[in-house]
Structure formats: C-alpha cells, structure tokens
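What follows is each chain in one-letter form.
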Protein chains: 2
Amino acid sequence: MRNPLTPDVLADPVALTRVLVDIESVSLNEKAIADCVEEVLRGVPHLTTQRYGNTVMARTDLGRSQRVVLAGHLDTVPHNNNFPSSMRGDLMYGCGTSDMKSGVAYALHLAVTLPEPRYDVTYFFYEAEEIESRYNGLFLVAGAHPEWLTADFAVLLEPTYGVVEAGCQGTMRAMVATTGVRAHSARSWHGVNAIHGAGEVLRRLNEYQARRVVIDGCEYREGLNAVRIHGGVAGNVVPDRCEIEVNYRFAPDRTEEEAHAHVREVFAGFEVTVTDSAAGAAPGLDAPPAREFLAAVGAAPIGKLGWTDVARFAAMGVPALNFGPGDPNLAHHPDEHVEINKIRDGAATLHRWLA
Amino acid sequence: MRNPLTPDVLADPVALTRVLVDIESVSLNEKAIADCVEEVLRGVPHLTTQRYGNTVMARTDLGRSQRVVLAGHLDTVPHNNNFPSSMRGDLMYGCGTSDMKSGVAYALHLAVTLPEPRYDVTYFFYEAEEIESRYNGLFLVAGAHPEWLTADFAVLLEPTYGVVEAGCQGTMRAMVATTGVRAHSARSWHGVNAIHGAGEVLRRLNEYQARRVVIDGCEYREGLNAVRIHGGVAGNVVPDRCEIEVNYRFAPDRTEEEAHAHVREVFAGFEVTVTDSAAGAAPGLDAPPAREFLAAVGAAPIGKLGWTDVARFAAMGVPALNFGPGDPNLAHHPDEHVEINKIRDGAATLHRWLA
C-alpha cells in the first residue's frame, strides 16, 4: 500500500483525520495503520521512533526540563455501516471520527510539524484500546518498556468535545446474589423464591443516592446500576438463586478497597462477590505543564466520568487528562461524527501550548 | 428379551411394580416396556388390545352401562443413580417407583386378574408424559383415536400418596417486560434502568395474595411466581429491557382467559405477553362411578394443585381424578421411593371398587 499520509495531509489536522479514518483499523487489525504512522515518524529527523507490536512511540530529546505525552489509540470499534468517512456540511462522519482518529491526528500533525516544542514530547500511538486490557498497547508497553512512558504530564486525546476532562472515575462490578429454596411452582409455598427476594436488592438500587464529589474544581458524579440480572431454573420451578450484577462508578477520592466496602455495605445481608475493579485517577492538575495546558485551553476542567487509560498513566505516576475534539456521546455510535471546527480549535489550542 | 411379566409377577402389585421399574423406560425409550405390556394384554381373553406408537390400550366389552378408564404413563424421567430398584425395609427405591410404575402396576394387575369388573374398563398405558406435549401418548391418541378414550370417568394413577386428588389447577406463563433507555453506565443518569424498573414487578409479586378456592369440597391453592428473570446488555451499559417470566397456577373456577386477564391486571402498566397456557379441570365428582370410587376410598378428596393429564380427560368430557400410591414430593427426586403398604392399600381400594 502506498502511504496515504503525505506531507500535505500531515500539514492539516482535518485532512489527516479523514485519511486516518479511512485506514481500516478495527481492534486487532492495526498493522496497516501502524505501518503508515511508523513510516512517517521514522522520516522525521527531530524524532526517535520505536515500535512494539502495533504500538508506535516517537519522542523528541531536546533536553527540556519537562516531558509531556500526547497519546491516542489507533483502533476503532467494529464498523456499523459507517465506513469509509463522508462529509455532510461541517461534519465528518465515520467510524473513528470522534473516537479517536481526530485526536490521533493532533499528535501526528504536531509530531511532524513542531520540531522544537517547549517541552520534550513523547507521541504515543497504541493498539487495541477498545477491547480487553490484555491486548491494550498502553498496558503492554507499561509492562515491557515503562521508560517509554516516563513523563511529567500526559494528554490522552480521547473525545471530550473540546473541554478538559481531568482524572477519571473508578469502576467496579460485583455480583449480588439472593438465595431461596427450590420447589415445584404448583406448590410454591414449599419454596422460597430467590427472584422475589431480588426485589429488596432492586429497592435499594432504586433508593440509592449517588454522590457528587468535587476535587480540584472537577465534579465527579457517581452511579450504582444493575447491569445484568439472571435467575430461574425451569418454567415450573420456584428458583433458589438470582444474581444481579451491579456496576459502581466511583469518584477518585475513593480507593478500590473503599469502593468494594461501600458496595458490600449497600447490599448488606446479601452475598456480594467483586468480579472486576479498576481504580480511578485524581485530576492531577498541579504539574507545571498541566497548569500551562489549562491556561492554553482557557476553560475550567471537568471531571471525567468514564474510566479511561488516564488511570493507567496515573498508576505510573504520570498525571493525565483527556482532551479531544470528538463528542463522547457519539463514540461507538452508527452516527459517529466530528465537527470540523472542533478539530481546528483543538489543534490551535495544542499548538498554543506546545509551540 | 424374555418377557419378565410372568403370571406370578402379574398376580402381585408389589412384585409387578418392581419388575416394571427395572424395565428401563426413560421418555422416548418406551418400546421395550410397551412390547412387554402389549404381549401380556394380547394374551388375556377378556380384553381387546390396540397399540399406537408405544401406547397400549386394552378394554373389556361386557356391555356395562358405565365405562371407566385406568390410565398410567410408561415413561420415567432420566435416571439419577437410582436404577435399578432396591429394597430398604418396607420401601422400594428407584426411578419410577413413585412416578408412576406403582400406578401402572395397578392397572396391569387388574387388567389381567379381573375378568368381570362392575364397569367396562379401558386400561390405558401411554408413552412420553414426562416430556413435551407433542410426544405425549394420551395427547396423540386423543387426536388419532379419540374413541379409545370414550368413558364416564377416569382414574389417572399418578402419585397422590393414596389420597384422591380431584381435578387439577390450570397453569399459564407470561413474560412481563420492563423497558428503559440504554446509556453508558459511566453516565447512568442519561438512561433509564430497566432492571431497576423490574423492582416494581417484584414488589407486586411479593405483595400478591394468592387465592384459596374450594370446589366440591376440594381446596385449590393458587400461586403466582417469577420463574425466570433476565436483563442486561453489557457490563458497562444501563439496560433498556428486563424480562420476568411468571407462572400463575389457577384454580379450576377460572378459565384460561380469566387467568390471562388476571395476570394482565396484576401487572397493569407493564408489557405482558402470555407464552403458555393450559386450562385446569373441575373436580367432576358427580358421575356415578366417581361417587362409588370415593366411597371405596372412604376419605375426602383434595384438590390437585399441579397440572396433570386429568385436564386432557376433562377436555374430552371425561371427569377424572388422580389416585396412586407414590408420594408426589418424591417424583423426579434421586431418592424416589414408594411404600409397600401404600401399594397394597391402593390395590385393595381399586379391587373393592371394581370387583
């Protein structure tokens, strides 16, 4: 394949977004796009480029006192009748326009066009963010080459619709089980119906008051939801077990352990098994490059509600935030699109900050 | 195979039960037992014998003014480390001892040993009662040879622990669905959680007061139970649909249509879809052979709570009741067994009635 990432394309974040969208890169199929990105970066004299799997890293080494990371994932969710891209007025439609080829375009554009940024910069393009963690390029490089990610601050170019979303909430799942006594449903009073028993679990969920927590001026809004329920033995049997999977999204002032304890307390009296858990990340807006980034944006940050790879940077001691032109509500949506003006505005902001 | 149903065995309902239990006849595998039964019956001069599939019918034609049916199914549920039979004191253990080879033994014993019963008798041994209706021998013969089942009264020899269980309750299932609005669970307030919405369905089930209805002196105790619940999209999605399958067991003073309307009323405001339904059967204790049967038993009948093939007889205009030595609570149980005294007592009752 001839590399479509030509100098003209690389010079314009909008054109670059479109070309990146049109290189198919559904998770686990990132080789073609990683090849194109790697080839471009290796041709840039002020960068040192490395590759691990289908993850590509390029960095300046100008001896600046601070180093920042600009990071974006190369993969997309599966197409949904939204490939290749198309334009409708000032909107670019297609899988990955919002999540997050427009963000990737920022990093690639700056990598090529900014030979002397005010901080040393690590540009990080990684594979498999949309699927299980064990494939995630950021996770893999954090294990194999953690030195590639050493920095004072990171911007993850995930869709935020042009605002700064700082830190991220933690997430955990637990299975809450009710038990009963099995019986033939023709003589149901001999049994104890575990599905009926789940009524109390749902009552507590319906009455639950989720917290809103403000940290460094960012509000984190929690949520506790049943995401799955399952029970039943047969059409003529009073069931003796019902399982309700709950997902708790918690503000970063709570540790994972505190979140687990809270869920156990909410469902006291029931069997509660934690099945999945990931810590949140505090906003971390104190680092000098972070403060200067916020000044360049010129608007107050808000709390990131979803769990993102910001938490992986936080776990490595690198304060991170999310900033991208896409609308997060359109991510994974058949109508996914991005506004051209948002791309241009964000590119200008990053340039203002780094140039 | 040499036929184990020898004259000595046929003369004793207890020995006969044991031999019938030890002929393996899990549903859809009734050929061997039907062959044995058919061979015996064809050798009895006072009977006319017919076969349809693995269902065998034999009848007297003595010109009596009344005809009764004695009916039992030849199949069992799958074995559960309880085959072949074994004796422990006065208890016979094994798959089918209670449900219902001991009942089948009554009919076969009387068919062979009672040349001049006081009514004409139709002995009916049928296949595949324990599985889907479309395989059921009584259902199949009711369609193909309804004249085989013409009678004034029927005794179904299902396990009742030696009491008369009259008529049967109806049963219906319905899917009650709650709907909501899907959203990412990190921003759950953008959605409406359908599982949480199911809390109201479970609240109504928990508060439901089931009726107790007395008909002809028989009490029918109703029940309304969730037998299955299912909801959920993914671990990070507020679900937009939850389905609760409910099973309503209703007294035979309600028609199927009335039962459906009742369930719709209980779950007013929710989507309710009836998925399965079978009418009950009124006790039907007015027919002369029924009254004489009750006199021979000498104890008051009770209402049958489970749905049984009694309802198939009722639908053909034949009043029917359940009477057998097995304990219905042991049916389909690994510890299934029958009391020897119960077999002898019931056999004596039937003999008193028919001789």
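1. Digging into the pairing of strand β2 (residues 55–59) of chain B
Residue and element names in this part refer to chain B.
Piece 1. With 5 of 5 residues buried, β2 is to be regarded as a mostly interior element.
Piece 2. With burial as the criterion, each face of β2 is covered, one bearing Thr55, Met57 and Arg59 and the other bearing Val56 and Ala58.
Piece 3. Bridging between strand β1 (residues 48–52) and β2 involves 5 bridges; their strand directions are antiparallel. Across the sheet, the residue bridging to Thr48 is Arg59, located in β2.

2. Observations concerning the relation of the copies chain A and chain B
Piece 1. Superposing chain A onto chain B takes a rotation of 180 degrees plus a shift of 0.0 Å along the axis, which leaves an RMSD of 0.1 Å. The two molecules are tied by a two-fold rotation axis, judged by turn and shift. Of every C-alpha in chain A, the one belonging to His230 of chain A sits nearest the axis of rotation, 2.3 Å from it.
Piece 2. Comparing interface residues between copies, 100% of those in chain A also lie at the interface in chain B; the contact surface is shared.

3. With respect to the interface of chain A and chain B
Piece 1. Taken residue by residue, the interface counts 42 residues in chain A and 42 residues in chain B.
Piece 2. Each partner contributes to the roughly 3,300 Å² buried at the junction of chain A and chain B, and carbon and sulfur atoms together form 53% of this total.
Piece 3. Looking only at chain A, the three residues that lose the most surface to chain B are Trp189, His196 and Ile229 of chain A, adding up to 20% of its buried area.
Piece 4. Scanning the region where chain A abuts chain B turns up 0 salt bridges.
Piece 5. For the pair chain A and chain B, the interface holds 18 residue pairs in polar contact (both at pLDDT 80 or more).
Piece 6. Going through the elements one at a time, α6 (194–207), β13 (223–232), β14 (237–238) and β15 (241–250) of chain A are the ones with two or more residues in the side of chain A that touches chain B.

4. Details of the environment of Lys31 of chain B
All names here are of chain B.
Piece 1. Structurally, Lys31 can be placed in helix α3 (residues 31–42).
Piece 2. As for Lys31 and Thr55, which are separated by 24 residues in sequence, their C-alpha atoms are 9.0 Å apart.
Piece 3. Beyond its immediate sequence surroundings of up to four residues, Lys31 is in contact with Arg51 and Asn54.
Piece 4. In terms of polar contacts, Lys31 uses its side chain to reach the side chain of Asp35, at 2.7 Å.

5. Quick notes on the sheet that holds strand β19 (residues 337–339) of chain A
Residue and element names in this part refer to chain A.
Piece 1. Taken in spatial order, the 3 strands make up an open sheet running β4-β5-β19, and their pairing is antiparallel. Only two strands of the sheet have a single neighbouring strand rather than two, namely β4 (86–88) and β19. In this sheet, adjacent strand axes meet at a mean angle of 25 degrees when their direction is disregarded.
Piece 2. Here strand β5 (residues 91–93) runs beside β19; their pairing, made up of 3 bridges, is antiparallel. When the sheet's bridge partners are listed, Tyr93 is paired in β19 with His337.
Piece 3. Each of β5 and β19 is contacted by helix α4 (residues 97–113), which is oriented at about 50 degrees to β19, the strand it contacts most.
Piece 4. Taken strand by strand, helix α10 (residues 340–354) contacts β4, β5 and β19, and its axis lies near 60 degrees from that of β19.

6. Re the side chain of Thr308 of chain A
Residue and element names in this part refer to chain A.
Piece 1. Take Thr308: it is sitting in the loop between β17 (302–303) and α9 (310–315).
Piece 2. Residue classification places Thr308 among the buried residues on the basis of a relative accessible area of 6%.
Piece 3. In terms of polar contacts, Thr308 uses its side chain to reach the side chain of Asn322, at 3.3 Å.
Piece 4. Excluding residues that lie within four positions of it along the chain, Thr308 makes contacts with Leu156, Cys168 and Asn322.

7. A short note on the pattern of salt bridges
Piece 1. Throughout the structure, instances matching the rule amount to 44 salt bridges over all chains.
Piece 2. The residue Arg182 of chain A makes a salt bridge to Asp240 of chain A at a minimum N-O spacing of 3.3 Å. Residue Arg182 of chain A is located in the loop between β9 (170–179) and β10 (183–184), and its partner Asp240 of chain A is located in the loop between β14 and β15; the two are separated by 58 residues in the primary sequence.
Piece 3. Overall, the relative accessible area of 24% leaves Asp240 of chain A in the partly exposed class.
Piece 4. Taking the shortest distance from any N to any O, the salt bridge between Arg134 of chain B and Glu132 of chain B comes out at 3.0 Å.

8. A short note on the confidence of the model for chain A
Piece 1. With 100% of its residues at a pLDDT of 70 or more, chain A has an overall mean of 95.
Piece 2. Across the interface, the model reports ipTM at 0.80; the global pTM reads 0.80.

9. Here we look at the packing of helix α2 (residues 13–21) of chain A against α4 of chain A
Helix packing for two helices is described by the angle between their axes and how far apart those axes are.
All names here are of chain A.
Piece 1. The N-to-C vectors of α2 and α4 enclose an angle of 125 degrees; their axes lie 8 Å apart at closest approach. Relative to α4, α2 is oriented oblique. As for how α2 packs across α4, the hand of that crossing is right-handed. Contacts between α2 and α4 involve Pro13, Leu16, Thr17, Leu20 and Val21 from the former and Thr97, Lys101, Ser102, Val104, Ala105, Leu108 and His109 from the latter.
Piece 2. For the contact of α2 with α4, the residue count by class is 7 nonpolar, 4 polar and 1 charged.

10. A closer look at the environment of Asp327 of chain A
Piece 1. Within the fold, Asp327 of chain A resides in the loop between β18 (320–322) and β19.
Piece 2. Excluding its chain neighbours within four sequence positions, the residues that come into contact with Asp327 of chain A are Ser98, Pro159 and Tyr161 of chain A.

Conventions adopted
Residues numbered from 1 in each chain as written. Chains lettered and ligands numbered in written order. Predicted model: local features only at pLDDT ≥ 70, side-chain atom pairs only at ≥ 80, totals over all residues. Heavy atoms only, no water. Buried < 20%, exposed > 50% of the residue type's maximum accessible area, 1.4 Å probe, protein only. Helix = DSSP H or I, 4+ residues; strand = E, 2+ residues; numbered from the N terminus. Pairing = 2+ DSSP bridges. Least-squares fit on C-alpha atoms with pLDDT ≥ 70 in both. Contact = heavy atoms within 4.5 Å. Buried area = accessible area lost by both parts, 1.4 Å probe. Salt bridge = Lys/Arg side-chain N within 4 Å of Asp/Glu carboxyl O. Polar contact = N/O pair within 3.5 Å; in protein donor to acceptor, adjacent residues only side chain to side chain. Axes fitted to C-alpha atoms, helices over the stretch in contact; angles between N-to-C directions. pLDDT = per-residue confidence, 0-100. Parallel < 35°, antiparallel > 145°, perpendicular 65-115°, else oblique. Left-handed = near helix turned anticlockwise from the far one by under 90°. Nonpolar A, V, L, I, M, F, W, Y, C, P; charged D, E, K, R; others polar.

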